[in-house]
Amino acid sequence: MYINAIGHYIPEERITNEHFKNLNGLDADWIVQRTGIETRSRCSAEENIDTMAYDAVENALPRLPYSIKDVDLIVAAHYCAYDTVGTAAHRVQRKYGIEGAKALYASSACSSFVNGLEIIEGYFAMGKAKRALLICSEQNSYYSNDSDPKAGHLWGDAAVAYFLSKEKESDNDIEVLSVYTEGLGHIGKGPDGVMLRPKEEGITMPDGRDVFMNAVKYMEHALNKNLESSGLKKEDITFFITHQANMRIVKQLARMMETPMDKFLNNIQELGNTGSASAPLVLAQHQNQLKKGDIVSLMVFGGGYSCAAFTIKK
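These numbers come from a predicted model, not from an experiment. Sequence positions are assigned chain by chain, starting from 1 and proceeding in written order. Residue-level local features of this predicted model are given only where pLDDT is at least 70; pairs of side-chain atoms are given and counted only at 80 or more, and the full residue set underlies all totals for whole chains, interfaces and linings. In computing side-chain properties, one takes all heavy atoms of the structure into account and sets aside hydrogens as well as water.

## So, the overall build of the protein chain
Right, so step 1: The helix and strand inventory of the protein chain stands at 9 helices and 13 strands.
Right, so step 2: The globule rule puts the C-alpha radius of gyration for 314 residues at 20 Å, and the 18 Å found for the protein chain is close to it.
Right, so step 3: Taken over the C-alpha atoms alone, the protein chain extends approximately 50 × 45 × 35 Å along its principal axes.
Right, so step 4: Burial status across the protein chain gives 58% buried among its 314 residues.
Right, so step 5: In the protein chain, the proportion of contacts linking residues at least 24 apart, taken out of those at least 6 apart, comes to 77%.
Right, so step 6: Per-residue accessibility takes into account occlusion by the displayed protein chains alone, with areas from the Shrake-Rupley method and a 1.4 Å probe. For the protein chain, the exposed area adds up to about 13100 Å²; of that, 46% sits on carbon and sulfur atoms. Each helix is a run of H or I in the DSSP string that is no shorter than four residues. Each strand is a run of E no shorter than two, and both are numbered from the N terminus. The atom set for the radius of gyration is the C-alpha atoms, and the globule formula is 2.2 Å times the number of residues raised to the power 0.38. Think of it in three bands: residues with accessible area under 20% of the maximum for their type are buried, residues over 50% are exposed, and the middle band is partly exposed, with areas taken using a 1.4 Å probe on protein chains only. Note on definitions: a residue-residue contact is assigned when non-hydrogen atoms from the two residues lie within 4.5 Å.

## Observations regarding the side chain of Asn48
Right, so step 1: By secondary structure assignment, the location of Asn48 is in the loop between strand 3 (39-42) and helix 3 (49-60).
Right, so step 2: A relative accessible area of 13% means that Asn48 is categorised as buried.
Right, so step 3: Distance and chemistry together define a polar contact, namely a pair of N or O atoms within 3.5 Å, with one atom able to donate a hydrogen and the other to accept it when in protein, and with adjacent residues in sequence counting only for side-chain atoms on both sides. Of the polar contacts made by the side chain of Asn48, one reaches the backbone nitrogen of Asp50; its length is 2.8 Å.

## Brief notes about the pattern of salt bridges
Right, so step 1: Salt bridge, as used here, is a side-chain nitrogen of Lys or Arg placed within 4 Å of a carboxyl oxygen of Asp or Glu. The full count for this structure, using the stated rule, is 8 salt bridges.
Right, so step 2: When the shortest N-O distance is used, the salt bridge between Arg14 and Glu270 registers 3.0 Å. Of this pair, Arg14 sits in strand 2 (residues 13-16) while Glu270 sits in helix 8 (residues 268-271), and the two are 256 residues apart along the sequence.
Right, so step 3: In this structure Arg14 comes out as partly exposed when scored by relative accessible area, which is 29%.
Right, so step 4: One continuous salt-bridge network, built from bridges that share partners, spans Asp50, Asp83 and Arg91.

## Structural notes on the environment of Gly127
Right, so step 1: Turning to its location among the elements, Gly127 is positioned in the loop between helix 5 (112-125) and strand 6 (131-139).
Right, so step 2: Through-space distance from the C-alpha of Gly127 to that of Gln289 is 33 Å; in sequence the pair is 162 residues apart.

## Some points on the nonpolar core
Right, so step 1: Remark: nonpolar core denotes a set of buried residues (Ala, Val, Leu, Ile, Met, Phe, Trp, Tyr, Cys) joined through side-chain atoms within 4.5 Å. Ranked by internal contacts, the top residues of the largest apolar core, which has 41 residues, are Ile120, Leu134, Tyr162, Leu164 and Ile312.
Right, so step 2: In terms of residues, this core owes the most to one element, helix 5, which gives 6 residues.
Right, so step 3: In this view, Leu134 contacts Val75, Ala77, Phe113, Gly116, Leu117, Ile120, Val160, Ala161, Tyr162 and Leu164; residues no more than four positions away in its chain are not counted.
Right, so step 4: Cys80, Phe240, Phe264 and Met299 belong to the second-largest nonpolar core, a separate cluster that totals 40 residues.

## Quick notes on the packing of aromatic side chains
Right, so step 1: We call Phe, Tyr and Trp rings a pair once their centres come within 6.5 Å, taking the six-membered ring for Trp, and we label the pair stacked below 30 degrees between planes, edge-to-face above 60, and tilted otherwise. Under the criterion given, the structure shown has 6 aromatic pairs.
Right, so step 2: Ring plane angle 40 degrees and centroid distance 6.0 Å describe the contact between Phe113 and Phe310, whose orientation is recorded as tilted. With Phe113 in helix 5 and Phe310 in strand 13 (residues 306-313), the pair connects residues that are 197 residues apart, well separated along the chain.
Right, so step 3: Put simply, the rings of Tyr82, Tyr142 and Tyr143 touch in pairs and so form one group of aromatic residues.

## Focus: the pairing of strand 5 (residues 102-106)
Both faces of the sheet carry side chains from a regular strand, because those side chains alternate between them.
Right, so step 1: Relative to strand 5, strand 4 (residues 73-77) runs parallel, the two being bridged by 5 bridges. From the neighbouring strand, Leu73 faces strand 5, where its bridge partner is Lys102.
Right, so step 2: Look down the strands so they point away from you; if going from the first strand over the helix to the second traces a clockwise path, that crossover is right-handed. A crossover connection joins strand 4 to the parallel strand 5 through helix 4 (residues 88-96); in handedness this β-α-β unit is right-handed. Whether two strands pair comes down to DSSP finding at least two bridges between them.

## Some details on the sheet that holds strand 13
Right, so step 1: Taking strand neighbours across the sheet as the criterion, the 9 strands line up as 5-4-6-7-1-8-13-12-11 in an open arrangement whose pairing is mixed. Edge positions in the sheet fall to strand 5 and strand 11 (239-242), since each of these pairs with one other strand and no more. Averaged over all pairs of adjacent strands, the angle between strand axes in this sheet comes to 20 degrees, irrespective of strand direction.
Right, so step 2: Where strand 1 (residues 2-9) lies against strand 8 (residues 174-183), 2 bridges are found, and the strand directions are antiparallel. In this analysis an axis means a line fitted to C-alpha atoms, helices contributing only their contacting stretch, and an angle means the value between N-to-C directions, from 0 to 180 degrees.

And the structure:
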């Protein structure tokens, strides 16, 4: 499986830590110390999950080696939803006139993007698709509450669009070496660790400590499983990218893996927690810096709980 083109979109607005002082009583320095977040991206009143998805696709199109109308599978994989019936997958299909393609929506919290990747891998293996578009658009601000002192200050908005093919399409393709996902609803707080109930309190994280501990443990677990299936070792990896939930999680993972922090690519300082878009967004932002032969492993942890990882080679 190959990545043919990567696009992303980040809203222009940035919300600083000072914004939260009068809303939830948290000092700007405390937020930085506890999360590593200095600002977070936020949609304007005219933007939403669908418009960000369109912009991410548009960003990818100049690098796409075939027509978007040749796509025969569209997967929207994210947990924020502007419309759960007319999904982002269907909106993109309509906007670009992609006739004959399958279109579907899948969610597994912050593991959603990697689960979407695995769904596409499955369609390719079954011979039911040859070219796919994976959309991940997270508008956390649509559901989050800035006055929530436990999690209101974490969230950012962004979107990515990845075009993939079963066979290699060009010399610029990025090879997907392996994909691993695992549901973890049975551990820790599980489905009660992070919740999104639109008609009630929106996004909440009642027990951040439980999320922190399991995120560190199971992102490394997913990475190890993923590397094992691809026959690689940690020493073979050029860069690591984790779910951008908390810089302290990244630092703890680096210590556990005995790996220097300069091998971890991050964007949480500026963009906050952009949900399941966060790890693939970091890759999108750094795609032009990768050299031929570089290997990058991405690992994520999602509320619910779930974990996942995938490894790519430039």
